[in-house]
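Structural overview for review
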Amino acid sequence: MTEKNKTLIFLAIAIILLGLAWFSKPQIRPVKVEEIIGKNLFEKFTDPLAVKQLEIIRRSAAGDKEEFRIVEVNGSWRIPSHDNYPADAKDQMGLIADALIGLKVLDVAEKMTDSSNSQSSNVNAIHATYGVLDPADNENSVSENLGVKVTIIGSNKETKSDETLVELIIGKVVESTENNNEFSGNVVNRYVRIAGQLPVYIVKIDAERFSTKFDRWIEKNLLDIHSFDIAEIFIDDYTIDLHITQARTLGVSLNNVAELTIAYNSQAVEKKWELKKCMGYRGATHEYYEKSLNENEELNAETLDNLIKSINDLKIVNVTKKPSKLAESLRNGESFANIKADESLFKAGFFLVSAPDKSGKKGTETIKLLASQGDIQLRMKDGICYNLRFGELTGTQTESDNKNKDDNQTADQTDQTDQTNKTNKKEDESPTMLSNRYLFINAEFDESLIPPADIQQLPEIPTTGEQTVIDTIKKEREAKEKSNLREQERVVNAIKTGNERVKKLSAKFADWYYVISEDVYKKIHLTESSVIRVKAASPIEPNSNNDINSSNVNGQEQQGKKSAGLPEINLPGASGDFKLPID
């Protein structure tokens, strides 16, 4: 083949590629703006049940693209960006559908209908003025005038196929309009644009409904409990020390500080909390013994009340999926003795260990799941026990995110409020970053928490005497027999219901390591020293024989240290099942 022929072939290929690029680029769809004023912006979107997929795109202040997508999978909503975590989208999707179905065009802010104007470089400048630049366009990544793009894909009953029902870019608030005074809350006049079209319209809409925040789209009450159902709080206060052994395996030393069982009575007016039992450890052999509050000590009701408030609305900021084998074992309710050590557990700060029982006797080891930051147990009146184990730090978020502020401000909001703040800040000042922490949740059933059957003693029916007396005793006996039967059935049903509920909860929690913010962790992570305090009116004497408080001090001094005389406990499979991060 001659050089001339090669050149012609390359030229032909270049022309073909250029043509493909031209025809594949986004096309500007024509629209007659005069005919749309007063009409619905999205005539095809009339049925909220038709929605199959929702995508929201925005840009952060740093220009990073933030995308949130929720899809329907086999009749349930899932979040693909978070390993298909189940979404509680009913209410949130209803708000979005309500905002878009019947959305009427009030006016046209910018027509831009002639072909010459549509091809001019001035289009982006005009769109930037109204804050309706497309955040999905990478060329606009550094602009502060980007809108929030909302795309809804739904099913068409006639064609029985999916189609785009909504593709909207929400921009700035319309300034100095009398109409805005008619609306309440976040519903205001805003500039909007249909993606792929040039005209800019004015509509009445609540932009804050289109949130990309993960916690806005998931179940609010993760544990699905109410505070008045809590019977007890069990606190296992311990620390662990991780170190490398001579065999270059992971060694673990356990420092037990105390165990506290605290009863909760939500109906009480004053004293809702009562210390039922407190066990401590003392001496070189770490003797396990029971201790009690001194006269100058009391439970810290404020700390315990904060726990209840946080548990009622336990917020998670992220999730990480567990490996399938580990999740399957947890879903099936297998004991920790039968669960294989997993690298993900180690990385998240959870350790399967073989440890002796409280007596410390050899040969009494059991497999436990320990957490790097300890754990607590919520014991419910129905016998369900929620184990909350606190692991290692993972990732960060800004302070504003942690305070649950809406992150979907449009360009005008960031310009008018945040920009003023930026001007007043020092150059070296940056947003406060807060840490997040892994949380391992599992549930178990303890039938001892079920109130026992109130069995009444049956009276003996006399064989002699007045018949009326005998008949009265017979009726009394029959009534008590029925009552006893009801009580026995109550207990049997409660145990059956509890076991069934634990299976459902195990399936719910099995797949996920949850992630909570550090401030939530501080409210629900309790230790002996945080729940027992000195009474304000009774200061401690320097040489006071304060049993519990002295153990608190010791416990605090031992935080993060390997306690002398504590035996090492084994970490089954640590060196064999996965490689440790050892240089």
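For the structure itself, consult the block above.
All figures in this text were calculated on a predicted structure; none of them were measured in a lab.

1. Comments concerning the overall build of the protein
Helix and strand counts for the protein come out as 14 helices and 23 strands. Taken over 583 residues, the protein has a buried fraction of 43%. Put simply, 67% of the contacts in the protein that link residues at least 6 apart link residues at least 24 apart. Accessible area for the protein stands at about 32,400 Å²; split by element, carbon and sulfur atoms hold 49% of it.

2. Topic: the pairing of strand S1 (residues 51–59)
Within a regular strand, the side chains alternate between the two sheet faces. Sheet analysis places S1 next to strand S6 (residues 148–156), joined by six bridges and oriented antiparallel. Considered in S6, the bridge of Ile 57 is made with Lys 149. Bridge count for S1 against strand S2 (residues 65–73) is seven bridges, and the pairing is antiparallel. The partner of Leu 54 across the bridge, within S2, is Ile 70.

3. Section: helix H5 (residues 301–312)
For H5, with twelve residues, the first-to-last C-alpha span of 17 Å sits near the 16 Å given by 1.5 Å per residue. Those residues of H5 not exposed but buried are Thr 303, Leu 304, Leu 307, Ile 308, Ser 310 and Ile 311.

4. Observations concerning the nonpolar core
Ranked by internal contacts, the top residues of the largest apolar core, which has 85 residues, are Leu 41, Leu 100, Leu 168, Trp 217, Leu 223, Leu 378 and Tyr 514. Within the second largest apolar cluster, 25 residues are counted, among which are Ile 240, Ala 348, Phe 351 and Ala 355.

5. Here we look at the packing of aromatic side chains
Within the structure shown, the criterion is met by 14 aromatic pairs. Judged by centre distance (4.4 Å) and plane angle (35 degrees), the rings of Tyr 264 and Trp 273 are tilted. Through a chain of ring-to-ring contacts, three or more aromatic side chains come together here, namely Phe 350, Tyr 438, Phe 440 and Tyr 513. Arg 282 extends its terminal NZ or CZ atom over the ring of Tyr 289, reaching a point 3.8 Å from the ring centre.

6. Looking at the sheet that holds strand S8 (residues 187–194)
Pairing in this open sheet of nine strands is antiparallel, and the strands run S4-S3-S2-S1-S6-S7-S8-S9-S5 from one edge to the other. Only two strands of the sheet have a single partner each, and these edge strands are strand S4 (85–86) and strand S5 (107–110). Note: S6 against strand S7 (residues 161–173), nine bridges, orientation antiparallel. By the bridge assignment, Gly 154 is partnered in S7 with Glu 163. Those strands touched by helix H2 (residues 90–100) are S1, S2, strand S3 (76–79), S6, S7 and strand S9 (200–206), and its axis lies near 85 degrees from that of S1. In the packing of helix H4 (residues 122–130) onto the sheet, the strands contacted are S5, S7, S8 and S9, and the crossing angle to S7 comes to about 75 degrees.

7. Examining H4
Taken as a whole, H4 has its buried residues at Val 123, Ile 126, His 127, Ala 128 and Tyr 130. Trailing H4 by a residue or two, Gly 131 shows a phi angle of about 70 degrees, which is positive.

8. Concerning the pattern of salt bridges
As enumerated under the stated definition, the model contains 21 salt bridges in all. Linking Glu 219 and Lys 508 is a salt bridge whose minimum nitrogen-to-oxygen distance equals 3.1 Å. With a gap of 289 residues between them, Glu 219 in the loop between S9 and strand S10 (230–244) and Lys 508 in helix H10 (residues 467–509) connect regions that are remote in the sequence. Salt-bridge contacts for Glu 343 lead to Lys 347; the nearest nitrogen and oxygen are separated by 3.3 Å. One end of the pair, Glu 343, and the other, Lys 347, are both in helix H7 (residues 343–348), four residues apart, so they sit about a helical turn from each other. Taking relative accessible area as the criterion, Glu 343 reaches 33% and is therefore assigned partly exposed. Residue classification places Lys 347 among the exposed residues on the basis of a relative accessible area of 56%. Among the charged side chains, a network of salt bridges with common partners joins Asp 98, Asp 206 and Arg 209.

The rules behind the values
- Residues numbered from 1 in each chain as written.
- Predicted model: local features only at pLDDT ≥ 70, side-chain atom pairs only at ≥ 80, totals over all residues.
- Heavy atoms only, no water.
- Helix = DSSP H or I, 4+ residues; strand = E, 2+ residues; numbered from the N terminus.
- Buried < 20%, exposed > 50% of the residue type's maximum accessible area, 1.4 Å probe, protein only.
- Contact = heavy atoms within 4.5 Å.
- Areas by Shrake-Rupley, 256 points an atom, 1.4 Å probe, with all protein chains shown as cover.
- Pairing = 2+ DSSP bridges.
- Expected span 1.5 Å × (residues − 1).
- Core = buried A, V, L, I, M, F, W, Y, C linked by side-chain atoms within 4.5 Å.
- Phe/Tyr/Trp six-rings, centres within 6.5 Å; stacked < 30°, edge-to-face > 60°.
- Lys NZ or Arg CZ within 6 Å of the ring centre and 35° of its normal.
- Axes fitted to C-alpha atoms, helices over the stretch in contact; angles between N-to-C directions.
- Salt bridge = Lys/Arg side-chain N within 4 Å of Asp/Glu carboxyl O.

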